[in-house]
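# A look at the structure
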Amino acid sequence: MSKFKFTLGFIAGAMVFGTIGVAAAASTKTIGVIFGIEDIKINNVSKMPKQEPFTYNGTTYVPLRYISDNLGAEVGWDAKTQIITINSKQTTCTTNSEFDASNYIGTWRTEVGKIDVDKKIKTEIETGFDLEVIGSNTIQLSNSYRDVATFDLRNGKEEWLGTTQRDWETNEFKVNSNGIAETTLHFISDDVTYKVKIELIDGKVVITILDPKTNEKFYNSFIRDAATTYLKIR
């Protein structure tokens, strides 16, 4: 290690600002400092500055501007007030302003066929709705229904047993910049309500029931799948 003597006012300015000029210190003091620091690592990358760091009275001094720049901060100096300012650079978060719910206006349907594990009953589900946009990415679903048809397979042929229809509704809801919203879905005649997540994504509408245990019996007999994907038919 090497020992040197410097005027404190000069060192303070140099170590803080590097290339920025600093007004003369009001008072000066000659001190002895020790050089010999081999390396400085920032985020595990060697970042040794040209202005060599030093140690004085057990404290290591490193150029403030150099460290701030490498950490993405901005250093300012007010010569009149003799005040240093350090500000982290702000990252601006932008939303996906290109999302437009009006692209999803239309009629949406899906059909799902299921055969019970005993292969005696087949269930066919058809469900759908009309999607309208009534404000800035504010959506209303109308003419919403879910039809469940059952067929007996025990005699080697399909025998239609009947179809049960349930109308359902949601409140008006506003999707975020990713086309996603959470709201409630209400089956009108049964007075059963579930929390749902509605996603308008990749040209599809996906409705996912978030709390099936709210009415598990109704869910198991009439809904069965938490997530339903709808395709636009017109």
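All values reported here derive from a predicted model rather than from experimental measurement. (Residues numbered from 1 in each chain as written. Predicted model: local features only at pLDDT ≥ 70, side-chain atom pairs only at ≥ 80, totals over all residues. Heavy atoms only, no water.)

Tallying secondary structure elements over the protein gives 3 helices and 17 strands in all. For the protein, with 234 residues in total, the buried portion stands at 34%. Considering only contacts within the protein whose residues lie at least 6 apart along the sequence, 42% involve residues at least 24 apart. If you sum the accessible surface of the protein, you get close to 14800 Å²; carbon and sulfur atoms cover 49% of it. (Helix = DSSP H or I, 4+ residues; strand = E, 2+ residues; numbered from the N terminus. Buried < 20%, exposed > 50% of the residue type's maximum accessible area, 1.4 Å probe, protein only. Contact = heavy atoms within 4.5 Å. Areas by Shrake-Rupley, 256 points an atom, 1.4 Å probe, with all protein chains shown as cover.)

Turning next to unusual backbone geometry. The phi dihedral of Asn 143 is positive, around 50°, even though this residue is not glycine. With respect to the helices and strands, the residue Asn 143 is situated in strand β11 (residues 138-152). A positive phi angle, near 55°, is found at Asp 191, a position not held by glycine. Structurally, Asp 191 can be placed in the loop between β14 (180-187) and β15 (192-201). Residue Asp 191 is classed as exposed on the basis of its relative accessible area of 58%.

Relative to the helices and strands, Thr 228 is located in strand β17 (residues 227-232). A sequence separation of 20 residues divides Thr 228 from Thr 208, and the C-alpha atoms of the two residues are 6.4 Å apart. Those residues within four positions of Thr 228 in sequence are excluded, and the remaining contacts are Thr 110, Thr 127, Arg 146, Val 205, Val 206 and Ile 207.

A few words now on the packing of aromatic side chains. Applying the stated criterion across every chain, the model contains 8 aromatic pairs. Relative to Trp 168, the ring of Phe 129 has its centre 5.9 Å away and its plane inclined at 70°; by these criteria the two rings are edge-to-face. One end of the pair, Phe 129, is in strand β10 (residues 121-135); the other, Trp 168, is in strand β12 (residues 159-170), and 39 residues separate them in sequence. The buried category is assigned to Phe 129, whose relative accessible area is 0%. When the centroid spacing of 6.5 Å and the interplanar angle of 85° are considered together, the rings of Phe 187 and Tyr 194 count as edge-to-face. (Phe/Tyr/Trp six-rings, centres within 6.5 Å; stacked < 30°, edge-to-face > 60°.)

Here we take up the side chain of His 186. With respect to the secondary-structure elements, His 186 resides in strand β14. Judged by relative accessible area, His 186 falls into the buried class, the value being 16%. Ignoring anything within four residues of it in the chain, the contact list for His 186 reads Asp 167, Trp 168, Glu 169, Asp 191, Val 192 and Thr 193.

Let's shift gears to the pattern of salt bridges. For the structure on display, the rule yields 4 salt bridges. Glu 158 is paired through a salt bridge with Lys 122; the nearest N and O atoms lie 2.5 Å apart. Of this pair, Glu 158 sits in the loop between β11 and β12 while Lys 122 is found in strand β10, placing the two residues 36 residues apart along the sequence. Given the relative accessible area of 47%, Glu 158 is considered partly exposed. Note that Asp 152 is salt-bridged to Arg 154, the shortest N-O span being 2.8 Å. (Salt bridge = Lys/Arg side-chain N within 4 Å of Asp/Glu carboxyl O.)

Let us now look at the nonpolar core. Judged by nonpolar contacts, the single largest core of 29 residues is most densely connected at Phe 129, Leu 131, Leu 141, Phe 187, Leu 200, Val 205 and Ile 207. Among the secondary structure elements, those contributing two or more residues to this core are β10, β11, β14, β15, β16 (204-209) and α3 (216-223). Counting 5 residues, the second largest nonpolar core, distinct from the first, contains Ile 31, Val 33, Phe 35 and Phe 54. (Core = buried A, V, L, I, M, F, W, Y, C linked by side-chain atoms within 4.5 Å.)

Fair warning: the whole summary comes from geometry, so function is off the table for now.
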